Amino acid sequence: MSRQKERPIISFNEPYVVGSEQKYIRQVFENGFFAGNGPFTQKVQQLLEERFSIPHALLTHSCTAALEMSALLLDLKPGEQVLLPSYTFASTASAFLRTGAELVFCEISPETMNIDPEDVRMRITGKTRSIVPVHYGGIAADMHTLLSLAKEHGLVVIEDAAQALGAKIDEAWLGGIAPLGAISFHETKNIHCGLGGALFINDASYFERAEDIWERGTNRAKLFKGVVDKYSWVELGSNFYPSELQAAFLLAQLESIDQNLKERQNIYHRYQLQLQPLADEGFFKLPVVATTARINFHSFYLICNSVQDCDELRISLSNHGIQAYIGYVPLHSSRMGKKLGYRPDDLPITEEYSQRVLRLPFHNALANDDIDRVTQSIRDFFT
């Protein structure tokens, strides 16, 4: 009796590779400059500033580093409060907790999985210093309302735009709207350098200190500009920037961003075309994108009608060789969240909807046949 040939696994993510990364990395060897903040770092920063209309961009070794720099720039004191969604990656919280600030977790809007501005409004106190929205899946948070709240209460908004490079709301680039924005170039993102990030400094008044913090707390960068004749320790900082090898890799990737987005758009639309009929029948919901927004096609996910549906669908897809995963385990109900005094039922909407999100395979190497196989497996499961 013959056995049916096993079908290949459809992976959840495969890092994007352009092909010209090696050429630039060879140039790093030719330059003999490896440590960082060299010619490739400067080229990447200039490209980011010009492409996304950013006054200043500083390349970092991770999005976590960009968030940590933001926390230092705010001079947060113990007991001062930072409002953020519980539905996010741990770095969003840890970067501010390290300063001694108090984390105030907020509910999300189920339609977008982004922070709920009305819940934010209710949690603002006299100790609140900052609001940190996360643009989940490259879909914009309600920046208009959040910035209005910040202005009303004298707060600083910091965008966690880890997943959002190349996305817009009201013709403004995500990460480039609030005074500070943090970007990720982790290998799971559209554009990457293995592990990297950037701090977008949209309020130029932060730049002088940001540059010193970025340079390990010294004014070394100003020495190279001829502003000082010797450099010394001037700020609390750290080693926040990547090597030239990473910057060279990233430059090749960024030069191909338009092609990258076009490929991902085709994948996104094929998913949407095939799954919208099932959503219309009420089997699940698809992401809601504002009419004034332009997404960067970072991910495609379903919001299932129940936790049971989500778990069973995930297992069914896995049994068919398809890798699909939930989004985030809420921070407020994690082990660290419990140490901070939170309970799962403190944010019931976040707690429930976080378990109903299922992210589908999404990367530039996905073929049409792969997408068709994923959507057919979902269709078979529900119908």
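Residues numbered from 1 in each chain as written. Predicted model: local features only at pLDDT ≥ 70, side-chain atom pairs only at ≥ 80, totals over all residues. Heavy atoms only, no water.

> So what about unusual backbone geometry? Which residues, and what values?
Even without being glycine, Glu171 reaches a positive phi, approximately 65 degrees. Looking at the element boundaries, Glu171 is found in the loop between β8 (168-169) and β9 (172-173). Looking at Glu171, the relative accessible area reads 64%, which means it is exposed. Phi at Arg216 takes a positive value of approximately 65 degrees, unusual for a residue other than glycine. (Helix = DSSP H or I, 4+ residues; strand = E, 2+ residues; numbered from the N terminus. Buried < 20%, exposed > 50% of the residue type's maximum accessible area, 1.4 Å probe, protein only.)

> For the sheet that holds β9, give the residues involved together with the corresponding values.
With respect to topology, three strands assemble into an open sheet ordered β9-β8-β13, the strand pairing being antiparallel. Only two strands of the sheet have a single partner each, and these edge strands are β9 and β13 (293-294). (Pairing = 2+ DSSP bridges.)

> How would you explain the pairing of strand β14 (residues 301-304) if you had to name every residue and give the values?
Neither face of β14 is left uncovered, since the one carrying Tyr301 and Ile303 and the one carrying Leu302 and Cys304 both have all their residues buried. Looking at chain direction, strand β12 (residues 284-285) and β14 are connected through two bridges and run antiparallel. Counterpart to Lys285 in the pairing with β14 is Ile303. The pairing of β14 with strand β15 (residues 357-359) spans three bridges and is antiparallel.

> Pulling in residues and values, what's your account of the nonpolar core?
Residues Met69, Phe96, Phe105, Val120, Ile158, Leu180 and Ile201 are the most contacted members of the largest nonpolar core, which totals 51 residues. A total of seven residues in this core trace back to one element, the largest contributor, which is helix α3 (residues 63-73). Leaving out residues up to four positions away in the same chain, Phe105 has contacts with Leu84, Pro85, Ser86, Ala93, Arg123, Leu331, His332, Tyr342 and Leu347. Membership of the second largest hydrophobic core comes to 37 residues, among which are Tyr87, Leu302, Ile371 and Phe382. (Core = buried A, V, L, I, M, F, W, Y, C linked by side-chain atoms within 4.5 Å. Contact = heavy atoms within 4.5 Å.)

> Can you lay out the packing of helix α11 (residues 307-319) against helix α14 (residues 368-382) for me, pointing to particular residues and giving the numbers?
One way to put it is that α11 packs onto α14 with a least axis distance of 10 Å and a crossing angle of 130 degrees. As judged from the angle between their axes, α11 and α14 are oblique. Here α11 and α14 pass one another in a crossing that is right-handed. Where α11 approaches α14, its residues Asp309, Glu312, Leu313, Ser316 and Leu317 are matched on the opposing element by Val374, Ser377, Ile378, Phe381 and Phe382. The residue makeup of the contact of α11 with α14, split by class, is six nonpolar, two polar and two charged. (Axes fitted to C-alpha atoms, helices over the stretch in contact; angles between N-to-C directions. Parallel < 35°, antiparallel > 145°, perpendicular 65-115°, else oblique. Left-handed = near helix turned anticlockwise from the far one by under 90°. Nonpolar A, V, L, I, M, F, W, Y, C, P; charged D, E, K, R; others polar.)

> Which residues make up the packing of helix α10 (residues 257-280) against α14, and what values go with them?
It is at 10 Å that the axes of α10 and α14 come closest, and there the two elements cross at 20 degrees. Between α10 and α14, the interaxial angle falls into the category roughly parallel. Classified by chirality, the crossing of α14 by α10 is right-handed. On the side of α10, the interface is formed by Ile267, Arg270, Tyr271, Gln274, Leu275 and Leu278, while α14 contributes Asn368, Ile371, Asp372, Val374, Thr375, Ile378 and Arg379. Along the lines of polarity and charge, the residues of the contact of α10 with α14 split into seven nonpolar, three polar and three charged.

> How would you explain the sheet that holds strand β10 (residues 180-184) if you had to name every residue and give the values?
One open sheet holds the seven strands; their spatial order is β1-β11-β10-β7-β6-β2-β3, and the pairing between them is mixed. Each edge of the sheet is formed by a strand with only one pairing partner; in this case those strands are β1 (56-60) and β3 (102-106). Pairwise comparison of adjacent strand axes, ignoring direction, gives a mean angle of 25 degrees for this sheet. Taken together, the five bridges between strand β2 (residues 81-85) and β3 define a ladder with parallel strand orientation. Residue Leu83 lies in a different strand from β3, and its bridge partner there is Val104. Relative to β10, α3 is tilted by about 165 degrees, and along the sheet it contacts β1, β7 (156-160), β10 and β11 (197-201). The strands touched by helix α6 (residues 143-153) within the sheet are β6 (128-131) and β7, with β7 carrying the most contacts at an inclination of about 150 degrees.

Purely spatial values, then, with no claim about function.
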